[in-house]
Structures are given as C-alpha cells and as structure tokens.
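# Overview (structure and organization)
If you want the building blocks of each chain, they are given just below.
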Amino acid sequence: MVPGLGYVAKVGRSMSRGFENTGYTLGILLRAWAYFPAALLTPRGFRAIVSQMYYCGVKAIGVTAVVALFMGMIVALQIGIELKRYGQAETVGFLVSVSMAREMGPMITAIILTAMLGSTIAAELGTMKVSEEIDALEVMSIDPVRYLATPRIVALTLMTFALTILVNLVGVLGGCLVSIARLGVSAQRYFQWAERVFENDDFLGFLPMDVYTGLVKALVFGMLISSVACSQGLRAKGGAMGVGRAVRKTVVAAIMLTLILGYLLTAFFFA
C-alpha cells in the first residue's frame, strides 16, 4: 500500500459518513415540517405537539431563567467595570441588551435545551429503536418520522423561540440588578439606555435588527437541535451502549453546529 493512502481512505470514509448523516438529518427535518399541517389538523397530532411543547418549554423555564439571570449579571459586571473607569457606566444597559438579544440569548437557550431536551429525545427514540419499537411501527405502516419526530421537532423549534424571548428579558433584568448594586446606575437610566436597542426599526417597521436576528437564530437552533436528536435516536443500534452513543453524538454535534451556525448567521446579517 502506498504510504499515507490508508489515512486518505480513512478521511474519505469519515467525510462520506458525514455527508450521509447530514442528508439523513435534513431529510427528517423536511419531512417533519411537511407533516406538520396535517398533524396540526388532527386531534391526535395536535395533542402530541401541545404535549411536547409543554415538556420542552414549560418544564425548562426554571433552568433557563436562572441561567439567563446570572448571565445577564455577569455580562453587566464585566462590561460595567471597564465602562466605569471611563465614566460611561450608565451605557451598560444598551450593551447588555444588544449582547443578549443578538447573540447570548439564543446561544444560551440552545445550549441549555441541547443538554436538557436534545439528549432526552435521542435517548427516548434510541431506546425505542434498539428495543425494536420503531421496527414495529414500520411493520404497521406507521411512519416513525410523522408519528415520533414531527411533534418533537415542531415543539422544540417553537419553544426555543419562546424561551429565547424569556432569556433576553431575564438577562436584561439581571444586568439591571448589577447596575444598581455594583455600578451606581439607577434603574431608570439603565432602561433608558436599554430601550435604545429598539430605536432602529429595521424589520416590518417595528423590530430592530439586533432583536430579529436573535429570534431567527433561535428558530434555526431549535430546528437544528431537534432534528439532530431525532436523527441520532432513530439510527441508534447496539443496545444500551448504542443509546449512550446516540446521546453523546447528539450533544456534541448540536453544540458544535450551534456555535458554527451562530457565527455564520451573525456574519450574514451584519456583513
């Protein structure tokens, strides 16, 4: 064998598997949203989506709110310390609001939901796959993507969007608490500067770019996390160890792709 040829073959196989995994995941995502209108119009499908929305959103409010509060406090403290040296501490409200709306809000929400729900979805579907429940559905001519993946993908996408709004608001509130306690900035001045984020109405005449770019990211991240989790779960094999591998791959892939897409979307909107 030519020296180095084995390494090239290994890289080629890895790239081939990567493209195959990407195609399979995108296929699940597109099929899930294609099934969404029909699922929404049937009582069983509607109940399944609402149930998943409760599970994905309501039960995650506590954790996301606490993380968002302290993240806003950390950002305000770190930025405010430097601004205070130059007598510009009152502008911290604007900077916290921009950072939370544009980047930190959707990113925090995506990482939390990956850890909480992406891993759970992969484990649930992976367990069903290795125990041959998925095969049983297919034998009964029930599409696993329509029956299992569609409610989870739709619910997690919508709730990522909703939770991002909550994270933004709580993060700004956390920054206000730090501004009052540590930076000597009144709440009135803090929110006066925070409101400047809404001065430039760039989308439909009422929504500024910093806000709507963060909300677009939230939708993209929600679809990414849910589709990756469903893809890994539906292809799990090898018993309990296979389920564990599916969960690990879900968390690693979702977080890495979230960071990469976050950068690409920011570069696209603010080029």
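Structure first, text after, so check above.
Please read these numbers as outputs of a predicted model, since none were measured by experiment.

In this section: the layout of surface pockets. Roughly 930 Å³ of volume is contained in the largest pocket. Lining the largest pocket are 31 residues, and of these Asn21, Thr25, Ser231, Gln232 and Arg235 sit closest to its centre. Counting residues per element, the lining of the largest pocket draws most heavily on helix 9 (residues 239-269), at 11 residues. Its residues placed into classes, the lining of the largest pocket shows 15 nonpolar, 9 polar and 7 charged.

The next thing to look at is the packing of helix 4 (residues 92-130) against helix 9. In the contact formed by helix 4 and helix 9, the axes pass within 8 Å of each other and the chain directions differ by 155°. Between helix 4 and helix 9, the angle falls in the class roughly antiparallel. The handedness of the crossing between helix 4 and helix 9 is right-handed. Counted together, Glu103, Met107, Ala110, Thr114, Gly118, Ser119, Ala122, Ala123, Gly126, Thr127 and Val130 of helix 4 and Gly239, Val243, Ala246, Val247, Thr250, Val251, Ala254, Ile255, Thr258, Leu259, Gly262 and Thr266 of helix 9 form the full contact between these two elements. For the contact of helix 4 with helix 9, the per-class residue count stands at 12 nonpolar, 10 polar and 1 charged.

Soluble, globular proteins show a tendency: their nonpolar side chains are buried together. Membership of the largest hydrophobic core comes to 28 residues, with the highest contact counts inside it found for Ile28, Leu125, Ile153, Leu156 and Cys230. Breaking this core down by element, the ones donating at least two residues are helix 1 (5-41), helix 4, helix 5 (133-139), helix 6 (144-182) and helix 8 (209-234). The greatest single-element share of this core, amounting to 8 residues, is contributed by helix 6. Ile28 has contacts with Val145, Ala149, Ile153, Cys230, Ser231 and Leu234, leaving out every residue within four places of it along the chain. Membership of the second largest hydrophobic core comes to 18 residues, among which are Ala68, Val92, Cys176 and Val185.

Cut-offs applied
Residue numbering note: each chain is counted from 1, following its sequence as written. pLDDT decides what is reported in this predicted model: residues at 70 or higher carry local features, side-chain atom pairs at 80 or more are listed and counted, and totals for whole chains, interfaces and linings draw on all residues regardless. By convention in this description, side-chain values take in all heavy atoms of the structure and omit both hydrogens and water. Here a cavity denotes grid points, spaced 1 Å and computed from the protein atoms alone, that fit a 1.4 Å probe unable to get out, and a pocket denotes an open set having protein on both sides within 12 Å along at least 5 of 7 lines; residues with an atom within 4 Å of a point are the lining. Grid points are joined across faces, edges and corners, and a volume is the space filled by probe spheres set on the points. A run of H or I in DSSP becomes a helix once it reaches four residues, and a run of E becomes a strand once it reaches two; helices and strands are each numbered from the N terminus. For this scheme, ten residues count as nonpolar: Ala, Val, Leu, Ile, Met, Phe, Trp, Tyr, Cys and Pro. Four count as charged, namely Asp, Glu, Lys and Arg, and the remainder, Gly too, count as polar. In this analysis, axes come from line fits to C-alpha atoms, helices being fitted only over the stretch in contact, and the angle between any two N-to-C directions falls in the range 0 to 180 degrees. Here roughly perpendicular refers to angles of 65 to 115 degrees, roughly parallel to angles under 35, roughly antiparallel to angles over 145, and oblique to all remaining angles. Crossing handedness is read from the near helix: turned anticlockwise from the far helix by less than a right angle, it gives a left-handed crossing, and turned clockwise, a right-handed one. What makes two residues a contact is simply this: any of their non-hydrogen atoms within 4.5 Å. Take the buried Ala, Val, Leu, Ile, Met, Phe, Trp, Tyr and Cys residues and link them wherever side-chain atoms come within 4.5 Å; each set so joined is a nonpolar core. Classification of residues uses two cut-offs on accessible area relative to the type maximum, computed with a 1.4 Å probe and protein chains only: under 20% is buried, over 50% is exposed, and between them is partly exposed.

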